[in-house]
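The primary structure of each chain is shown beneath.
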Amino acid sequence: MDRIPKYVSILLILLFAATISAQNETYTVTANSWPADFSSFESFRDANASTSQGAVIVLLAALSIYSKNAEEGKKALIISLDANSLISDTSPNGYKGFNINRNTIDLVKRQLEQHPYLIGSYLPGSSFQNGYKASNPPYNFTLTSNRFSGTEESGQKKLFLPSSGADTPRPVTVKRNAKGVWKASEFSSLLVGIKKPATSSPADDL
């Protein structure tokens, strides 16, 4: 068999590289403000959950609220999560007839109790050197996808969010519901521990 001409090989390599590049995309989400409680969260969710990348940042904001106030954060999570993470609950413990299923809320509670600085690592300006303290808004978040991420048209997409305490970005899968709102479906990797923040030991003056 004749060898493939050199220029054909180069063309094939360039086509392959272009295909991979098209499949690995970068998305920027700008948050001019950051919700500190549930009262400011609903409008934030409504403004950002119309896109898959916006839904990831909505989830992050809900987790940020939960890390400061579990009751308010739980309501924020309820309206941020896909139906697979919810259960029917018309009691006062639920919100709008729903609650978070036991496996999901136990994971959130356990990981944020063990790593109270975790959510801060996803916010701009944070680092392990400064204790994962973010800068002030506005925030610009950069997310990425790969060739296995899915598409907007399919109604399901996996996006990757960087953490200043981890070596690689972490995946979040989001789904679009019947109303066209994107919600988080799988986000356990977002809750994995990170590098412990740097702390300064007090001087030994004994």
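In the annotation of an unreviewed UniProt entry, the protein chain is listed under the name DUF6935 domain-containing protein and assigned to Leptospira johnsonii.

### With respect to the overall build of the protein chain
Secondary structure assignment for the protein chain yields five helices and eight strands. Listed N to C, the secondary structure of the protein chain is α-β-α-α-α-β-β-α-β-β-β-β-β in terms of helices and strands. Residues counted as buried form 41% of the 206 residues belonging to the protein chain. For the protein chain, contacts bridging at least 24 residues in sequence account for 54% of all contacts bridging at least 6. Of the roughly 12,000 Å² of accessible surface on the protein chain, a fraction of 52% belongs to carbon and sulfur atoms.

### Side note on the environment of Gly-54
Turning to its location among the elements, Gly-54 is positioned in helix α3 (residues 52–68). Here Gly-54 falls in the buried class, since its relative accessible area comes to 1%. Taking the C-alpha atoms as reference points, Gly-54 and Val-29, separated by 25 residues in sequence, lie 6.4 Å from one another.

### Describing the nonpolar core
Ranked by size, the top nonpolar core spans 49 residues in total, and within it Trp-34, Phe-141 and Phe-187 carry the most contacts. Broken down by element, this core gets its largest block of residues, eleven residues, from α3. Sequence-distant contacts of Trp-34, defined by excluding residues within four places in its chain, comprise Phe-44, Ile-57, Leu-60, Ala-61, Ser-64, Leu-123, Pro-137, Tyr-139 and Phe-141.

### With respect to the pairing of strand β6 (residues 156–161)
Bridge analysis of strand β5 (residues 150–151) against β6 gives two bridges, and the strand direction is antiparallel. Looking across to β6, one finds that Thr-151 is bridged to Gln-156. Two successive antiparallel strands, β5 and β6, enclose a turn made up of four residues, where Gly-155 displays a positive phi of approximately 85°. In this structure, β6 lies alongside strand β7 (residues 170–176), joined through six bridges in antiparallel fashion. Looking at the pairing, Lys-157 lines up with Val-174 of β7.

### Side note on the side chain of Ser-163
As for its position among the elements, Ser-163 is in the loop between β6 and β7. Looking at Ser-163, the relative accessible area reads 8%, which means it is buried. Among the polar contacts made by the side chain of Ser-163, one reaches the main-chain amide nitrogen of Gly-165 at a distance of 3.0 Å.

### Here we look at the pairing of strand β8 (residues 182–186)
Most of β8 sits out of view: four of its five residues are buried. Taking the residues that link successive antiparallel strands as the turn, the β7-β8 hairpin has five residues, and the phi of Gly-180 there is positive, at about 85°.

### Structural notes on helix α5 (residues 102–114)
For α5, built from 13 residues, the straight-helix expectation of 18 Å at 1.5 Å per residue is met to within 8% by its first-to-last C-alpha distance of 18 Å. The set of residues buried in α5 consists of Thr-104, Ile-105, Val-108, Gln-111 and Leu-112. Here the buried residues of α5 occupy an arc of 145° about the axis, which is enough to place them on one side. With respect to the buried face of α5, the exposed residues turned more than 90 degrees away are Arg-102, Asn-103 and Glu-113.

### A short note on the layout of surface pockets
The space that makes up the largest pocket amounts to roughly 350 Å³. Arg-45, Ile-78, Phe-98, Asn-177 and Lys-183 are, among the 15 residues lining the largest pocket, the residues nearest its centre. A per-class count over the lining of the largest pocket returns eight nonpolar, one polar and six charged. If you add up the space inside the second largest pocket, you get close to 260 Å³. Lining the second largest pocket are 16 residues, and of these Ser-64, Ser-67, Lys-68, Gly-120 and Leu-123 lie nearest its centre.

Reading guide: rules and limits
- For every chain, the first residue of the written sequence is number 1, and numbering continues from 1 onward in sequence order.
- The model is predicted, so local features are restricted to residues of pLDDT at least 70 and side-chain atom pairs to those at 80 or more, both for listing and for counting; the totals for chains, interfaces and linings are taken over all residues.
- Each side-chain value is worked out from all heavy atoms of the structure, with water and hydrogens disregarded.
- The secondary structure listing takes helices from DSSP runs of H or I that are at least 4 residues long and strands from runs of E that are at least 2 residues long, numbered from the N terminus.
- For every residue, the accessible area obtained with a 1.4 Å probe (protein chains only) is divided by the maximum for its type, and the residue is called buried under 20%, exposed over 50%, and partly exposed between those limits.
- Contacts: residue pairs with any heavy atoms within 4.5 Å of one another.
- Residue exposure ignores everything except the shown protein chains as possible cover, and the areas themselves are Shrake-Rupley values with a 1.4 Å probe.
- The criterion is simple. A nonpolar core is a set of buried Ala, Val, Leu, Ile, Met, Phe, Trp, Tyr and Cys residues joined through side-chain atoms within 4.5 Å.
- Two strands are said to pair when DSSP picks up at least two bridges between them.
- Contacts described as polar in this section are N or O atom pairs within 3.5 Å, which, within protein, must combine one atom able to donate a hydrogen with one able to accept it, while residues neighboring in sequence count only if both atoms come from side chains.
- Each helix should span, by expectation, one fewer than its residue count multiplied by 1.5 Å.
- The reported arc concerns the directions from the helix axis to the C-beta atoms and nothing else.
- The way it works is a 1 Å grid over only the protein atoms, where trapped points that fit a 1.4 Å probe form a cavity and open points with protein on both sides within 12 Å along at least five of seven lines form a pocket, and then any residue with an atom within 4 Å of a point lines it.
- Grid points are joined across faces, edges and corners, and a volume is the space filled by probe spheres set on the points.
- For this classification, the nonpolar set comprises Ala, Val, Leu, Ile, Met, Phe, Trp, Tyr, Cys and Pro, the charged set comprises Asp, Glu, Lys and Arg, and every other residue, Gly included, is treated as polar.

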